[in-house]
Amino acid sequence: MSKAATVLVVGGGGFIGSVTCRQLLERGWNVRILDNFSRSSREQIEAQLPGAEIHEGDIRYVATVDRAMRGADELIHLAATSINKSSNDPAESLDIDFRGMQHVFESACNHGIGKVVFASSASVYGEPKTLPMTETDEINPRTPYCIGKFAGERMLAFYAERQALRWVALRFFNVYGPGQNAGAYYTSVVLTFLRRIARGEPPVIDGDGTQTMDFVHVEDVARAVVMALEGDASGEVLNVGTGTQTSIAELATILIRHMGAGIQPQFWPRDVLVSRREADITRIRSVLGWEPTVGLEEGLASVIEHLKAKGELA
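First, a word on scope: everything that follows refers to the structure included in this document. This structure is a prediction, so every number in the text was calculated from the model and none was measured. (Residues numbered from 1 in each chain as written. Predicted model: local features only at pLDDT ≥ 70, side-chain atom pairs only at ≥ 80, totals over all residues. Heavy atoms only, no water.)

Describing the overall build of the chain
- Counting its regular elements, the chain contains 11 helices and 13 strands.
- Computed over C-alpha atoms, the radius of gyration of the chain comes to 19 Å, within 12% of the 20 Å expected from 2.2 N^0.38 for 314 residues, which places it in the range of a compact globule.
- Each principal axis of the C-alpha distribution contributes one length, and for the chain these read about 55 × 45 × 40 Å.
- The 314 residues of the chain split such that 54% are buried.
- Excluding contacts between residues fewer than 6 apart, the proportion of contacts in the chain whose partners are at least 24 apart in sequence is 79%.
- For the chain, the exposed area adds up to about 13300 Å²; of that, 49% sits on carbon and sulfur atoms. (Helix = DSSP H or I, 4+ residues; strand = E, 2+ residues; numbered from the N terminus. Rg over C-alpha atoms; globule rule 2.2 N^0.38 Å. Buried < 20%, exposed > 50% of the residue type's maximum accessible area, 1.4 Å probe, protein only. Contact = heavy atoms within 4.5 Å. Areas by Shrake-Rupley, 256 points an atom, 1.4 Å probe, with all protein chains shown as cover.)

Written out as structure tokens, the structure reads:
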């Protein structure tokens, strides 16, 4: 497929989407974005991504999806509710993460899309029984968002059998980086902690802080999406992480040190949804040749630098 082809990025105005679109443009793709701009603004994305074709609309409307899909060659589907919001409003999650997703996949088939890359999530695993977590582990999604992500993987397999659709699903672990929205605690703990530290307040940690995440930088995540799109692989479900656990207490300590603050984290007795995260990335290495390149210390420094440049951190 020539790089001059057009790729529709559904959710291209979001945190991961905007970085992915930038990388695609840099590689010579014609980029078309469909987004409702609930987590960014059209003006912001137009400024960040000159040259991208922008469609503003909601995937819950079939006609909107069809208009954006018309003439596209490939598809990246990143749009979803947040994991926290889906628990608070299951009805909206059903509309967006199930019906809206199905509109996108059905339209892709109807318009002859060559390949779909779908943003799934490590949250489909639920609480892991063993570490590292592999793509063949037991699936136990615990929220409407997580259920929707696994349903997306199965729907792609369905369309592949019915209409020979080519697809790759990427299970993102804990994505972080400059430009992340702070609206969802469990996916933006870095920003939540940094903003408290900047105000001279201690980071507040649920439980004893021994719970871990596998933090993967947004630049690496976007590169995995692009490689999945451009590669020959199809019918694959792949973890996108680093293969390294970082405890929440350790994260707080690193951020306090980077900020030069003389405070200590506070701990709040509370059950945590998932106690451990660590990706096995053997499969994505083999299938795509992808490796994470941004270490945690470097990645956290990039977030701090970005926030300071915006005047959001002292």
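Regarding helix α3 (residues 62-69)
- Three or more residues of α3 are buried, namely T64, V65, A68 and M69. All buried residues of α3 fall inside an arc of 130° around its axis, so they share one side.
- Each element contacted by the buried residues of α3 is listed here: β1 (6-10), β2 (30-35), β3 (53-56), β4 (74-77) and α5 (90-110).
- In the stretch just after α3, G71 is the one whose phi turns positive, near 90°. (Arc of directions from axis to C-beta.)

Looking at the packing of helix α7 (residues 189-198) against helix α9 (residues 248-259)
- At a minimum axis distance of 10 Å, the contact between α7 and α9 shows a crossing angle of 45°. One way to sum up the angle between α7 and α9 is to call them oblique. For the crossing formed where α7 meets α9, the hand is right-handed. Residues V189, V190, F193, L194, I197 and A198 of α7 form the contact with α9, whose participating residues are I248, L251, A252, L255, I256 and M259.
- Taken together, the residues of the contact of α7 with α9 break down into 12 nonpolar, no polar and no charged. (Axes fitted to C-alpha atoms, helices over the stretch in contact; angles between N-to-C directions. Parallel < 35°, antiparallel > 145°, perpendicular 65-115°, else oblique. Left-handed = near helix turned anticlockwise from the far one by under 90°. Nonpolar A, V, L, I, M, F, W, Y, C, P; charged D, E, K, R; others polar.)

Concerning the pattern of salt bridges
- Enumeration over the complete set of coordinates arrives at 19 salt bridges.
- Measuring nitrogen to oxygen at the nearest pair gives 3.5 Å for the salt bridge that ties E106 to R162. With E106 in helix α5 and R162 in helix α6 (residues 144-163), this residue pair connects regions lying 56 residues apart in the sequence.
- The class of E106 is partly exposed, set by a relative accessible area of 22%.
- Of the residues examined, R162 reaches a relative accessible area of 48% and is grouped as partly exposed.
- Between R285 and E291 there is a salt bridge, with its nearest N and O atoms 2.6 Å apart.
- The network of salt bridges with shared partners includes R22, E26 and E219. (Salt bridge = Lys/Arg side-chain N within 4 Å of Asp/Glu carboxyl O.)

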